[in-house]
Amino acid sequence: MASPHLPRLDGATGWLNSPPLDPAQLRGSVVLVNFWTLTCINWLRQEPYVRAWSQAYRDDGLVVVGVHTPEFSVEHDVDQVRRAIAARGIDYPVAIDNGYAVWNAFDNQYWPALYFVDTDGVIRDEHFGEGRYDESERVIQRLLGIERSPVPVRGLGVEAEADWSHLRTPETYLGYARGEHFASPDGVAHDEGATYAPPDELPRNHWALAGVWTIGAERAALDRAGGSVAVRFHARDAHLVLAPAGPAPIPFRVLLDGEPPGPCHGVDVDENGVGQVEDARLYQLVRQRDTVRDRTLEITFQGPGVEAYAFTFG
């Protein structure tokens, strides 16, 4: 069975860092196609490698093409994608795939996903998710016909590799379509404002709301200032995908086991746990600097209108 060729890219709804590209234009180059979405922690931890390969092998004939296919509705905003590109220092072409046309042309199922295309436009390899970085780089070198030492890569902040040996808590969605392990008494009211309270005890890998929230299919939206979200987790890092409903930033405060996080604060909060939601993205709230153990994270918002989508851990 013949290997598939690079599909058409004309289903993209826009392009950043480049005019529109198609397979005919890319013929003669080795192409690495990278599917991503801006709030995805798995992509964020992979991205420093893709960025490094793009810069290291560009003069050898590699073209990296990012395809931004949104997971959440808020990620359809192209300005949010532009901010993510600027924050990550991405200078390679990015196709905006808001209609999933490019995703479907590849029959892709995952964020992140890498497709390795030779100079004849034939897809020679693929990889889904994080990891396998050395082998992926060897694939690039083989397609380019070169051999050299791997590019040194060190992810910082949210891009740092997860502490896999201590990761015990899975990704946790706050919308009712995929939400699990909700611990507030009386359960979830779908698509209508309701007052929630925390449980007497929050078991590991469970989460709860306090205050007046509307839980939709993909996110929980705060209707009144002072509401909070809590989760009991076991991981070095804790992140939460957040967005403001309007243009004004929304201040928040993070507590870890009821106290300010101190040296265990994430990059998006200070030692007192203070931060603010400025745009739609993943916020790193906790990075444990000592022994990783079960902790309770509580984040309280000082204004209404915040939208909380998913906790991720690392």
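Note that this is a predicted model, so its numbers are computed, not measured.

*Asks:* Explain the packing of aromatic side chains to me, please; I cannot follow it from the model alone.
*Replies:* We describe a pair of aromatic rings using the distance from one ring centre to the other and the angle between the two ring planes. Considering all chains together, one arrives at 20 aromatic pairs under this definition. Measuring from ring centre to ring centre gives 5.9 Å for F35 and W103, while their planes differ by 85 degrees; the resulting arrangement is edge-to-face. Of the two residues, F35 is situated in strand 2 (residues 30-36) and W103 in helix 4 (residues 101-105); the sequence distance between them amounts to 68 residues. Assigned by exposure class, F35 and W103 land together as buried.

*Asks:* How should the side chain of Q80 be read in this particular structure?
*Replies:* Turning to its location among the elements, Q80 is positioned in helix 3 (residues 78-88). On the accessibility criterion, Q80 (10% relative accessible area) is buried.

*Asks:* Sorry, what's going on with the pattern of salt bridges here?
*Replies:* In a structure, side chains of opposite charge can pair up when their charged atoms sit close to one another. Per the stated rule, a full pass over the model turns up 21 salt bridges. Two residues, R132 and D125, come together in a salt bridge whose shortest N-O distance is 3.0 Å. Look at R132 and you get partly exposed, because its relative accessible area is 23%. Between D257 and R232 there is a salt bridge, with the nearest N and O atoms lying 3.6 Å from each other. You can see D257 sitting in the loop between strand 13 (250-256) and strand 14 (274-277) and its partner R232 sitting in strand 11 (residues 228-233), a full 25 residues away along the chain.

*Asks:* For this particular structure, what's the right way to read the sheet that holds strand 5 (residues 113-117)?
*Replies:* In any sheet, the strands associate via hydrogen bonds between backbone groups, in a parallel or an antiparallel arrangement. In spatial order, the strands read 1-4-3-2-5-6; together these six strands make up an open sheet with mixed pairing. Both outer strands of the open sheet, strand 1 (14-16) and strand 6 (123-128), are each paired with one neighbouring strand and no more. With strand direction ignored, the average angle separating the axes of adjacent strands in the sheet is 20 degrees. Pairing of strand 1 with strand 4 (residues 94-96) involves three bridges; the strand directions are antiparallel. What sits directly across from W15, in strand 4, is A95. Running at roughly 160 degrees to strand 2, helix 2 (residues 41-57) makes contact with strand 2, strand 3 (62-68) and strand 5 of the sheet.

*Asks:* Please explain the side chain of T214 as it appears in this structure.
*Replies:* You can see T214 is positioned in strand 9 (residues 207-215). Relative accessible area serves as the criterion here: at 18%, T214 is assigned to the buried category. Polar side-chain contacts of T214 include one of 3.3 Å to the backbone nitrogen of G193. Here D223 takes part through its side chain, which lies 2.7 Å from a polar atom of the side chain of T214. In this structure, T214 is in contact with D191, E192, G193, R219, A220, A221 and D223, ignoring residues within four places of it in sequence.

*Asks:* Just to check I follow, could you spell out the environment of Q276 for this structure?
*Replies:* Here Q276 lies in strand 14. Its relative accessible area of 32% is what places Q276 among the partly exposed residues. Taking the C-alpha atoms as reference points, Q276 and L242, 34 residues apart in sequence, are found 10.0 Å from one another. A polar atom in the side chain of Q276 sits 2.8 Å from the side chain of E278.

*Asks:* I'm lost on the pairing of strand 17 (residues 306-313) in this one. Help?
*Replies:* If a strand is regular, its side chains alternate between the two faces of the sheet. Burial analysis of strand 17 places eight of its eight residues in the buried class, the great majority of the element. In this sheet, strand 17 lies alongside strand 7 (residues 172-173) in antiparallel orientation, the contact comprising two bridges. Bridge pairing in strand 17 places T172 opposite F311. Sheet analysis places strand 10 (residues 220-222) next to strand 17, joined by two bridges and oriented antiparallel.

*Asks:* Could you clarify how one ought to interpret the pairing of strand 2 in this entry?
*Replies:* Here strand 2 lies mainly inside the structure; seven of its seven residues are buried. Two elements, strand 2 and strand 3, share seven bridges in a ladder whose sense is parallel. Looking at strand 3, one finds that V31 is bridged to V63. With respect to chirality, the unit in which strand 2 leads through helix 2 into the neighbouring parallel strand 3 is right-handed. In this sheet, strand 5 lies alongside strand 2 in antiparallel orientation, the contact comprising five bridges. By the bridge assignment, F35 is partnered in strand 5 with A113.

Calculation rules
Residues numbered from 1 in each chain as written. Predicted model: local features only at pLDDT ≥ 70, side-chain atom pairs only at ≥ 80, totals over all residues. Heavy atoms only, no water. Phe/Tyr/Trp six-rings, centres within 6.5 Å; stacked < 30°, edge-to-face > 60°. Helix = DSSP H or I, 4+ residues; strand = E, 2+ residues; numbered from the N terminus. Buried < 20%, exposed > 50% of the residue type's maximum accessible area, 1.4 Å probe, protein only. Salt bridge = Lys/Arg side-chain N within 4 Å of Asp/Glu carboxyl O. Pairing = 2+ DSSP bridges. Axes fitted to C-alpha atoms, helices over the stretch in contact; angles between N-to-C directions. Contact = heavy atoms within 4.5 Å. Polar contact = N/O pair within 3.5 Å; in protein donor to acceptor, adjacent residues only side chain to side chain. Right-handed = clockwise from strand over helix to strand, strands pointing away.

Function cannot be inferred from these measures alone, as they are strictly geometric.
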